[in-house]
Amino acid sequence: MKVYNLENIKSVTELKHRTEAISMNERSIIVLDTFTDIAQKLQAVSISLFHLDIEKVMNQLQDFENDCGNWLDNLLSSEMQKAEAAKEIKVHIDQISRLCNENPNIIDDHEIMAHGAMISSLILSYYLEECTKKNFILNSCHFMRLGLDRKPDIKYVKKNVEELMKACPDVPILITQSRLCKNAYDEVDLFPQIGNEYYATVIGAVFHADEIMTSLRSDEICFRGMEHTRTLTYGEAENFIDSGIALLHPECIPLARTAGMAIVLIKTPEDTLRISSEKTGTKVKAAVSRRGVVFVKLRSLGVLTSYLFIGKVFDVFEKYKVPVYLATSSNVSVSLAVKCSNDTLRLIYRELHKYAEIGMETEMSVVSVIGDLNWVKHTGLEARIIETLKEMPVCMISYGSSTHNLSVLVREQDREKALMTLCKAFLDIPSEKFDFTVKFDFPKGTDETTLGGVKDQNGHEVAITAGETNFQLGNGENMKFTGLPVGTKITVTEAAKANYKASAKVTLNGVAQTPDVAASKYNAPLTAVDRQKLGQLGQEKNTVDVTNRYNNVPTTGIIMNTLPYVLMIALCGAALFGFVAFKRRR
């Protein structure tokens, strides 16, 4: 059984796209979050009701009913199906309107949002029926309950699921609601906002699912270069999360491990990451970093014995609730990598300066290598990692507490260099291809055949259609065009590439053009030379140097087997004809 976590559905198009991947070959459960616009409109109704603006509530509900009708019109082709769906939706809208006759209370908001969840489920259910996908709606209030600690009462939930499944029709798809539940007082409630993927993991555990499919919401994570593995073990995933990388809610991992479920994180249909107990032969999976760290070094003044000194240090950091990312110690000194404000650091100094000589350094970063780093199976791997960083100062090294992580503390200014060095040494970087289009505007009375045809560097004729040719360049490859008449105007365009931002330095007929040309953003095309402006080849030097920078060090600094690429495009002119060369280098 598979669990599909569908959230952040903003439009009919997105709903259709997200449901295409749902397989009919095995039983599935869809954990559906309330559609975004439905949630927003009902939240507005709840606010108006709280202010006892009944007239506004009724107007909002009428608009809401019309919006639901638009959903049905865009999803369903059968008028009979539309009418049946609208009738069921109307029941929920009428129940919301009845709240206008009661005194408002905090439970009303949960009741209203619960109706929104059920309406979203009805719309999805009718659409799946339209697609001949048989399904059944399970009201999550009938089995999901929170305990007094606001956590799922797993024992209660499992018992209710077993009873519910006995009466459930034998259909391939079950639909239930995300976050909708009952609390310990049997009132309609909403699951704490700790991530819909955790709710889906709970559903998967109690329904004995094999796999959970959920979206990866963070744009900071890229899986390029993991084409052959695309996997993490539970332990490796936990180290990712501990390093500050928002893969998913931390409690999902132990729950999935206990239930024996795999979690598949989907960024795009091509970019997925599977978390399970399955191990691959890959030793190093990724290099990640955490910024804004403070290096604290304490050397004992001998006032306390060694064990009392270490205890005192950690007691003080616990007192001020300071997270400790790395720690190393000896008999007389303790070094810590922490994150806290300057005010907190002053308080810590005030408490510990009588026991230790204290040094603090800000603007530091923790760089971690994550993978299968078991020191027994992979003897010497940790030494290779440290050797790789020999050209930069390393303040701390932490290894041994986990078989999935080796972490070092470096200066912030060395963070990017450390990440890139590690990636080059341990991660398999794929060769990228960049798509180019070159358009030629030949001088009057000439064309591509005037000088015997336009040829590439191997003497082969270049196919030019309507004055245009297309080609790709990979790392270390080059492309040359010969046989171009002087005075030919040229446009050089590089197509958009996901996660890359291109820029170019242009020289035409020996004159450097200023300013440099740059794409407006990542994943945007670049017109390096525009024939309508200045793209005319001369007899002197003609060059276009294009740099494609990969967005490889985002806020959290994660790199998943990727490196930036640099392209060099050169255009050279000869005395009697233009000569165009395209080169590419890392």
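Conventions used here
Residues numbered from 1 in each chain as written. Predicted model: local features only at pLDDT ≥ 70, side-chain atom pairs only at ≥ 80, totals over all residues. Heavy atoms only, no water. Pairing = 2+ DSSP bridges. Helix = DSSP H or I, 4+ residues; strand = E, 2+ residues; numbered from the N terminus. Axes fitted to C-alpha atoms, helices over the stretch in contact; angles between N-to-C directions. Left-handed = near helix turned anticlockwise from the far one by under 90°. Contact = heavy atoms within 4.5 Å. Phe/Tyr/Trp six-rings, centres within 6.5 Å; stacked < 30°, edge-to-face > 60°. Buried < 20%, exposed > 50% of the residue type's maximum accessible area, 1.4 Å probe, protein only.

Draft legend 1. Highlighting the pairing of strand 12 (residues 324-329). Relative to strand 13 (residues 333-338), strand 12 is paired through five bridges, and the arrangement is antiparallel. Counted as the bridge partner of A327 is L336 from strand 13. Taking the residues between adjacent antiparallel strands as the criterion, strand 12 and strand 13 are bridged by three residues.

Draft legend 2. Region of the structure containing the packing of helix 10 (residues 306-319) against helix 11 (residues 342-352). Following both chains from N to C, one finds helix 10 and helix 11 inclined at 150°, their axes separated by 10 Å at the closest point. Where helix 10 crosses over helix 11, the two elements pack in a sense that is right-handed. Contacts between helix 10 and helix 11 involve K312, V313, V316, F317 and K319 from the former and I348, E351 and L352 from the latter.

Draft legend 3. Structural context of the packing of aromatic side chains. Evaluated as defined, the whole model comprises six aromatic pairs. When the centroid spacing of 4.6 Å and the interplanar angle of 20° are considered together, the rings of F35 and W71 count as stacked. Placement of F35 in the loop between strand 2 (28-32) and helix 2 (36-50) and of W71 in helix 3 (residues 54-75) is noted, with a sequence separation of 36 residues between them. Just as F35 is buried, W71 falls in that class too.

Draft legend 4. Structural detail: the sheet that holds strand 1 (residues 2-6). Spatial ordering of the open sheet is given by 3-4-2-1-7-9-10-8, a layout of eight strands whose pairing is mixed. The open sheet is flanked by strand 3 (135-137) and strand 8 (231-233), the only strands paired with a single partner. Averaged over neighbouring strand pairs, the angle between their axes works out to 20° when direction is ignored. Two elements, strand 8 and strand 10 (residues 272-276), share three bridges in a ladder whose sense is parallel. The residue bridging T231 from the neighbouring strand is R274, located in strand 10. Of the strands in this sheet, strand 8, strand 9 (262-266) and strand 10 touch helix 8 (residues 234-242), which is tilted by about 90° from strand 8.

Draft legend 5. Representation of the environment of T272 within the structure. Relative to the elements of secondary structure, T272 occurs in strand 10. The exposure class of T272 is partly exposed, given its relative accessible area of 24%. Put simply, T272 and R230 are 42 residues apart on the chain and 6.7 Å apart in space, counted from C-alpha to C-alpha.

Everything listed is a geometric property; what it means functionally is a separate question.
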